[in-house]
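Notes for the structure review
The lines below spell out each chain.
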Amino acid sequence: MSLIEITEVRKSFGANEVLKGINIDVDPGEVIAIIGKSGSGKSTLLRCINGLELIDDGSISVAGAQLLPDELHLKALRLKVGMIFQQFNLFPHLTAGGNVMLSQMVVKKTPKAAAEAMAHKMLERVGLGHKYDAFPDELSGGQQQRVAIARALAMQPIALLCDEITSALDPELVAEVLGVVRELASEGMTLLMVTHEMKFARDVCSRVVFMHQGRVHEIGKPEEVFADPKTPELKQFLGVH
Amino acid sequence: MIEFSLWDIVRNLLLAARWTVVLSLVSFIGGALVGTLLLFMRIGRRRVLRLFAKYYVELFQGTPLLMQLFLAFFGLGLFGIDVPAWLAAGVALILWSAAFLTEIWRGCVEAIAKGQWEASSSLGMGYVQQMRYVILPQALKIAIPPTVGFSVQVIKGTALTSIIGFVELSKAGTVVTNATFQPFMVYGLVALIYFALCWPLSKSSQVLERKLNVAHRNH
Ligand SMILES: Nc1ncnc2c1ncn2[C@@H]1O[C@H](COP(=O)(O)OP(=O)(O)O)[C@@H](O)[C@H]1O
Ligand SMILES: [Mg+2]
């Protein structure tokens, strides 16, 4: 059975239909790269999956948790699927450790000592154990993004959504973040990532989704999608003629 | 005719200035309490309460403080309630301060980046938790300079209460002038005392703001 089931999902902003019937099923442990032009609806799709946007039609479920617009269902869904943002969105008034602890304590009611231990463990996991007491503005972009990953992991989600998580980074900082993601993938974490890192998508992902004008235009294994694009739109996007 | 020494004048003004300070404190603290309540209505999720707070703010910001004082003083008298000047002054200034503080603080809450809401949502936090642990701590910090700055407006606002007969610094200035016939000197002293009260506040508001900007530059 699929872990994430996205069925006939439609979403409009006013008269602008941004998602026009999306169907994707993701198996446990799969790493999916979502590629496509700017404005094709990639971010909107990810944001729908954890309920930051409400869908107009269709259905989304993650490990049996259905996307429904009330706080209880949303919370259940969000405990299963974490999200990493392009702009990191760390809490600037809390240290790295505090960022990782907060939602554990507030949402899961984890006792402080246990949340602290988990924060240390997760920061260690992204290679930032020594930055436990640093505030976000004392960290580089790459480090901030790794803290954001640790913060999401501390909630022990079964899937992670990553929306262009390296796009706001200086080029020399991209590798450290992708390294962490690569490790997560090898540990069996289910990942849906919008990315422009084609080499990464080719090396790490199990499937690639090409979105075009609010539809899944092509989907397949990276070797098929990249080596043998079927549609002219994908050919053009990849720059092959 | 009785001779007034400079010290007599200053002493009388300073004694009255106590009431300016007390009224300012009461107005500011009371305004902050009512303002907090209104803020939660204003940014909360109940539409009725949001609208109530919105119109409250518009009403009090859209009419002169002097009219509010008159209405508190004379208006309640119409219902046979005899309102002493200090009570009318206190009530009007509290309600007036609350409106401005609500609006200042709402701006601070809304200045917090959308990403903070999204990140905390995606971690499973509910609205109250987001407010309590993510939004308000940040909003509180940026709210400090304008709030301190507004306290200066409160102090100056208390001067109007002299018109309904509350004896604070301005009223004392008029009384002393009537006895000494030295308006320029007396009101000059009154102004100096106001300045001594207000200047440290507006200065610290500026300093706080600069400090905050420096702290934010690294983000
Ligand atoms: N909150 C919003 N309100 C209105 N329109 C939006 C909103 N978010 C996205 N859109 C529109 O939806 C379309 C798809 O956006 P997005 O999902 O961000 O695309 P992508 O991530 O592929 O670049 C764009 O046309 C964008 O303008
Ligand atoms: Mg996007």
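About the cut-offs
Residues numbered from 1 in each chain as written. Chains lettered and ligands numbered in written order. Predicted model: local features only at pLDDT ≥ 70, side-chain atom pairs only at ≥ 80, totals over all residues. Heavy atoms only, no water. Helix = DSSP H or I, 4+ residues; strand = E, 2+ residues; numbered from the N terminus. Rg over C-alpha atoms; globule rule 2.2 N^0.38 Å. Buried < 20%, exposed > 50% of the residue type's maximum accessible area, 1.4 Å probe, protein only. Contact = heavy atoms within 4.5 Å. Areas by Shrake-Rupley, 256 points an atom, 1.4 Å probe, with all protein chains shown as cover. Lys, Arg positive; Asp, Glu negative; His and termini not counted. Charge placed at Lys NZ, Arg CZ, Asp CG, Glu CD. Phe/Tyr/Trp six-rings, centres within 6.5 Å; stacked < 30°, edge-to-face > 60°. Lys NZ or Arg CZ within 6 Å of the ring centre and 35° of its normal. Pairing = 2+ DSSP bridges. Near = heavy atom within 4 Å. Polar contact = N/O pair within 3.5 Å; in protein donor to acceptor, adjacent residues only side chain to side chain. Nonpolar A, V, L, I, M, F, W, Y, C, P; charged D, E, K, R; others polar. Axes fitted to C-alpha atoms, helices over the stretch in contact; angles between N-to-C directions. UniProt positions renumbered as here; feature names shortened; annotations may be inferred. Buried area = accessible area lost by both parts, 1.4 Å probe. Salt bridge = Lys/Arg side-chain N within 4 Å of Asp/Glu carboxyl O.

1. Observations concerning the overall build of chain A
Along chain A, the regular secondary structure elements total nine helices and 10 strands. Its C-alpha atoms give chain A a radius of gyration of 18 Å, within 12% of the compact-globule value 18 Å for 241 residues. On the principal axes, the C-alpha backbone points of chain A span a range of 55 × 40 × 35 Å. Across the 241 residues of chain A, 56% fall into the buried class. Considering only intrachain contacts with a sequence separation of at least 6, the fraction spanning at least 24 residues in chain A is 65%. Accessible surface, chain A: about 10,200 Å² in total, of which carbon and sulfur atoms supply 51%. Where the 25 positive side-chain charges of chain A centre and where its 30 negative ones centre are 2 Å apart.

2. What about the overall build of chain B?
When its secondary structure is counted, chain B shows eight helices and zero strands. Mapped in sequence order, the helices and strands of chain B form the string α-α-α-α-α-α-α-α. Within chain B, contacts between residues at least 6 apart in sequence are counted, and of these 75% link residues at least 24 apart. As displayed, chain B has an accessible area near 11,900 Å², and 71% of this comes from carbon and sulfur atoms. Across chain B, the mean location of the 18 positive side-chain charges is 12 Å away from that of the 9 negative side-chain charges.

3. Side note on the packing of aromatic side chains
Describing an aromatic ring pair means giving the distance of the ring centres and the angle of the ring planes. One pass over the full model with this rule turns up 10 aromatic pairs over all chains. Both rings, one in phenylalanine 52 of chain B and one in tyrosine 56 of chain B, keep their centres 6.4 Å apart while their planes meet at 40 degrees; by these two values the pair is tilted. Taken together, the residues phenylalanine 52 of chain B and tyrosine 56 of chain B, both in helix H2 (residues 47-61) and four residues apart, mark about one turn of the helix. Given a relative accessible area of 13%, tyrosine 56 of chain B falls into the buried group. Seen from their ring centres, phenylalanine 73 of chain B and phenylalanine 74 of chain B are 4.9 Å apart, and the 65 degrees between their planes marks the pair as edge-to-face. Take phenylalanine 74 of chain B: its relative accessible area is 51%, and that puts it in the exposed class. Put simply, the rings of Phe52, Tyr56 and Phe60 of chain B pair up and form one aromatic cluster. Its end group placed over the ring of phenylalanine 91 of chain A, arginine 151 of chain A keeps NZ or CZ at 4.4 Å from the ring centre.

4. Overview of the pairing of strand S1 (residues 4-13) of chain A
Residues and elements named next belong to chain A. Strand direction decides the pairing type here: S1 and strand S2 (residues 16-26), joined by eight bridges, are antiparallel. Bridge pairing in S2 places serine 12 opposite glutamate 17. The hairpin formed by S1 and S2 contains two residues between the paired strands, and glycine 14 there has a positive phi angle of roughly 60 degrees. Looking at chain direction, S1 and strand S4 (residues 57-62) are connected through five bridges and run antiparallel. By the bridge assignment for S4, arginine 10 is matched with aspartate 57.

5. Describing the site of ligand 1
Residue and element names in this part refer to chain A. Every residue near ligand 1 is listed here: Phe13, Asn16, Val18, Lys37, Ser38, Gly39, Ser40, Gly41, Lys42, Ser43 and Thr44. Serine 40 places a main-chain nitrogen or oxygen 3.2 Å from an oxygen atom of ligand 1. At a separation of 3.1 Å, an oxygen atom of ligand 1 approaches a polar backbone atom of glycine 41. Within the complex, the protein chains bury 59% of what would otherwise be the 560 Å² of accessible surface of ligand 1. Contributions of two or more residues to the shell around ligand 1 are made by S2 and helix H1 (42-49). Here the element with the most residues in the shell around ligand 1 is H1; it accounts for three residues. Its residues placed into classes, the shell around ligand 1 shows two nonpolar, seven polar and two charged.

6. Notes on the sheet that holds S1 of chain A
Residues and elements named next belong to chain A. Pairing is antiparallel in the open sheet, where four strands are placed in the order S2-S1-S4-S5. Every interior strand has two partners, whereas the edge strands, S2 and strand S5 (65-66), have only one. Strand contacts of H1: S1, S2 and S4, with the helix running at about 60 degrees to S2, the strand carrying the most contacts.

7. Observations concerning the UniProt feature "domain: ABC transporter" (unreviewed entry) in chain A
When the UniProt feature table is mapped onto this chain numbering, "domain: ABC transporter" (unreviewed entry) sits at residues 4-238 of chain A. Helix makes up 40% of residues 4-238 of chain A and strand 26%. Its end C-alpha atoms lie 27 Å apart.

8. Structural notes on the interface of chain A and chain B
For an interface, size is often stated in terms of accessible area lost upon the parts coming together. Between chain A and chain B, the residue contacts involve 23 residues of the former and 21 residues of the latter. Of the roughly 1,900 Å² buried at the junction of chain A and chain B (both faces included), carbon and sulfur atoms supply 61%. The closest approach of N and O atoms between glutamate 71 of chain A and arginine 45 of chain B, which form a salt bridge, is 3.3 Å. Counting every contact that joins chain A to chain B gives six residue pairs in polar contact (both at pLDDT 80 or more). Listed by contribution, the elements that provide at least two residues to the side of chain A that touches chain B are helix H2 (71-80), strand S6 (81-84), helix H3 (96-107) and helix H5 (141-153) of chain A. For the side of chain A that touches chain B, the element with the highest residue contribution is H3 of chain A, accounting for four residues. Here the side of chain A that touches chain B is composed, by residue class, of 12 nonpolar, four polar and seven charged.

9. Here we look at the UniProt feature "domain: ABC transmembrane type-1" (unreviewed entry) in chain B
Listed under "domain: ABC transmembrane type-1" (unreviewed entry) in the UniProt record, and renumbered for this structure, are residues 17-205 of chain B. Secondary structure within residues 17-205 of chain B divides into 84% helix and 0% strand; the distance between the first and last C-alpha atoms comes to 22 Å.

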